[in-house]
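# Structural characterization, general
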Amino acid sequence: MQYAKILGTGSYLPAKRVSNDDLAQKVDTSDEWITTRTGIKFRHIADEQEKTSDLAAAAARLALEDAGVAPDEIDLIVVATATPDMQFPSTATIVQQKLGMTNGSPAFDVQAVCAGFMYALNTAHAYIKSGMSKKILVIGAETFSRILDWNDRTTCVLFGDGAGAVVLGASDEPGIIHSKLHADGNYLDLLNVPAQIADGKICGSPFVKMDGPGVFKFAVKMLSKVADEVLTESGYSAEQIDWLIPHQANKRIIDSTAKHLGLPQEKVILTVQDHGNTSAASIPLALDTGIKSGKIRRGQNLLLEGIGGGFAWGAVLIKY
Ligand code: ACO
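It should be emphasised that the depicted structure is a prediction, and the values quoted were computed from it without experimental measurement.

Our focus in this paragraph is the sheet that holds strand S5 (residues 107–110). Strand order in the open sheet formed by 5 strands is S1-S7-S6-S4-S5, with mixed pairing between adjacent strands. Because the sheet does not close on itself, it has two edges, and the strands there are strand S1 (3–12) and S5. Ignoring which end each strand starts from, the neighbouring axes of this sheet average 20° apart. Bridge count for strand S6 (residues 135–143) against strand S7 (residues 161–171) is 9 bridges, and the pairing is antiparallel. Note that in S7 the partner of Ile136 across the bridge is Leu168. Strands in contact with helix H10 (residues 282–292) are S1, S6 and S7; relative to S1, the strand with the most contacts, it is inclined by about 90°.

Here Phe88 and Pro89 are connected by a cis peptide whose omega angle stands at 5°. Residue position: Pro89 is located in the loop between strand S4 (76–80) and helix H4 (91–98). The linkage connecting Gly310 with the following residue, Phe311, adopts the cis geometry, with an omega of -5°. Relative to the helices and strands, Phe311 is located in the loop between strand S14 (301–308) and strand S15 (312–319). Positive phi values are uncommon outside glycine, yet Asp199 reaches one of about 50°. Along the polypeptide, Asp199 turns up in the loop between strand S10 (196–198) and strand S11 (201–203).

With mixed pairing, 4 strands are arranged side by side in an open sheet as S8-S15-S14-S13. Of all the strands in the sheet, just strand S8 (176–183) and strand S13 (243–246) have a single pairing partner and so form its edges. Mean inter-strand twist for the sheet, computed between neighbouring axes without regard to direction, equals 10°. The pairing of S8 with S15 spans 7 bridges and is antiparallel. The residue of S15 that forms the bridge with Ile176 is Ile318. Docked against the sheet, helix H7 (residues 212–234) engages S8, S14 and S15, running at close to 145° with respect to S8.

So, about the site of the ligand. Not every one of the 22 residues close to the ligand is listed here, only the nearest: Thr29, Arg37, Arg153, His247 and Asn250. Contact distances for the ligand include 2.9 Å between a nitrogen atom and a backbone N or O atom of Arg153. Within the side chain of Asn250, a nitrogen or oxygen atom sits 2.5 Å from an oxygen atom of the ligand. Protein contact buries 73% of the 1,000 Å² of open area that the ligand shows by itself. Elements supplying a minimum of two residues to the shell around the ligand: helix H2 (31–38), helix H6 (153–156) and H7. Among the elements that make up the shell around the ligand, the one with the highest residue count is H7 (4 residues). By residue class, the composition of the shell around the ligand is 11 nonpolar, 7 polar and 4 charged.

Moving on, we get to the domain arrangement of the chain. Each domain of the chain was delimited in the assignment, giving domain 1 (3–173) and domain 2 (177–319). Distance between the C-alpha centres of domain 1 and domain 2: 14 Å. Listed as interface residues are 51 residues of domain 1 and, on the opposing side, 46 residues of domain 2. Both faces considered, domain 1 and domain 2 share a buried interface measuring about 3,700 Å² in area, 63% of it formed by carbon and sulfur atoms. Between Asp66 and Lys292 there is a salt bridge; the shortest N-O distance is 4.0 Å. Run the count over domain 1 and domain 2 and you get 17 residue pairs in polar contact (both at pLDDT 80 or more). Secondary-structure elements contributing two or more residues to the side of domain 1 that touches domain 2 are S1, H2, strand S3 (42–45), helix H5 (116–129), S6, H6 and S7. Looking at the side of domain 1 that touches domain 2 residue by residue, the classes come out as 24 nonpolar, 18 polar and 9 charged.

Annotation from UniProt places "domain: Beta-ketoacyl-[acyl-carrier-protein] synthase III C-terminal" (unreviewed entry) at residues 231–320. Counted over residues 231–320, helix gives 33% and strand 22%. Its end C-alpha atoms are 16 Å apart.

Rules used throughout
- Counting starts from 1 at the beginning of each chain's written sequence and moves along it residue by residue.
- Selection of residues for local features in this predicted model requires a pLDDT of at least 70, selection of side-chain atom pairs for listing and counting requires 80 or more, and totals for whole chains, interfaces and linings are taken over all residues.
- Values shown for side chains rest on all heavy atoms present in the structure; no hydrogens or waters enter the calculation.
- A pair of strands is labelled paired if DSSP reports no fewer than 2 bridges between them.
- The helix and strand labels rest on DSSP assignments: H or I over at least four residues marks a helix, E over at least two residues marks a strand, and numbering proceeds from the N terminus.
- Axis definition: a line fitted to C-alpha atoms, limited for helices to the stretch in contact. Angles are taken between N-to-C directions and run from 0 to 180 degrees.
- Contacts are assigned to residue pairs that have any heavy atoms within 4.5 Å of one another.
- Nearness here has a simple test: a residue counts as near a molecule or strand if at least one of its heavy atoms is within 4 Å of that partner.
- Here a polar contact means two N or O atoms within 3.5 Å. Within protein one must be a hydrogen donor candidate and the other an acceptor candidate, and residues neighboring in sequence count only if both atoms are side-chain atoms.
- Here, Shrake-Rupley sampling with a 1.4 Å probe gives the accessible areas, and only protein chains in the shown set may cover a residue.
- When residues are sorted by character, Ala, Val, Leu, Ile, Met, Phe, Trp, Tyr, Cys and Pro go into the nonpolar class, Asp, Glu, Lys and Arg into the charged class, and all the rest, Gly among them, into the polar class.
- Source of the domain bounds: an automatic or database domain assignment.
- A quick way to say it: buried area is the sum, across both parts, of accessible area lost when two parts are put together, with a 1.4 Å probe.
- Whenever Lys or Arg places a side-chain nitrogen within 4 Å of a carboxyl oxygen from Asp or Glu, that contact is recorded as a salt bridge.
- UniProt positions are given in the numbering used here, feature names are shortened, and annotations may be inferred rather than shown by experiment.

Put into structure tokens, the structure is as follows:
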């Protein structure tokens, strides 16, 4: 059996950085409210010309360079996004074109909102384990700023734009050890963007609609549960985890999962203060930030976990 090993990582944030104080000039909020409830201080916002595929391609170029892999060596691209450039084609094919790839390898998007990167990694893992792929580019990329109502203080302060990418390669050495996904469509009312294109019109609101406290309770419960499942099923204990790399939505949700696992704050990669919630991009952004800062080192055990609209959630255990 072949493992899916991380060969390289990369990430990209748009240049425009917006503080809580900047937002307080536009909506009735404050740095104190946002910081206390979420831990968020800053978020990056794409400029008008920047599309999700631009962010994704920028992160991908850095990940390929880090891995020492040329674009045409990639035999599958999986992009996790809830904010694709277009209704179709997939953002993954647009990224393929932006990377100058001509090898005809498959490329597709997965849609699991903030759990998107867990779904994308799990899919890539299955392709490598089955022998169908040897080198895969897995990307989480979002321009969530485009689906926010900037007059709604209950949502606009929470999100940001960005992208993170990982190059996975088939290897005899351990990489992804175990992964687990879940979904429960009965909770779709808690978090969604109702809009759809029909009869030449956009029907339904194109903005994020969220029951914040409902999401909070569900996320805390399910993230702890799926982390336990991955550890139990892989025969690992929480003490063997060097780094928890959670979806970066809210520091209070992150603290609660770390506490449940008995992991001290020093073992948690935290980027929510600088990035806000970048949905499918948040976990690969945190992973790359942790690696490039020198915190995460080769041979360490990483537990990644995320949850998002659907609801959909999952966790992945990796030996880096
Ligand atoms: N600034 C100031 N006041 C605000 C703001 C704001 N930005 N937003 C809401 N308020 C007010 C509300 O109007 C309410 O006022 P009221 O009591 O007069 O009615 C008060 O603050 C409390 O509102 P709640 O929604 O009960 O606040 P809560 O403590 O639940 O915090 C929050 C809200 C931060 C959204 C929290 O519920 C949360 O983090 N939920 C998880 C949401 C999330 O992470 N979503 C991301 C997508 S899914 C995922 O990634 C897991």
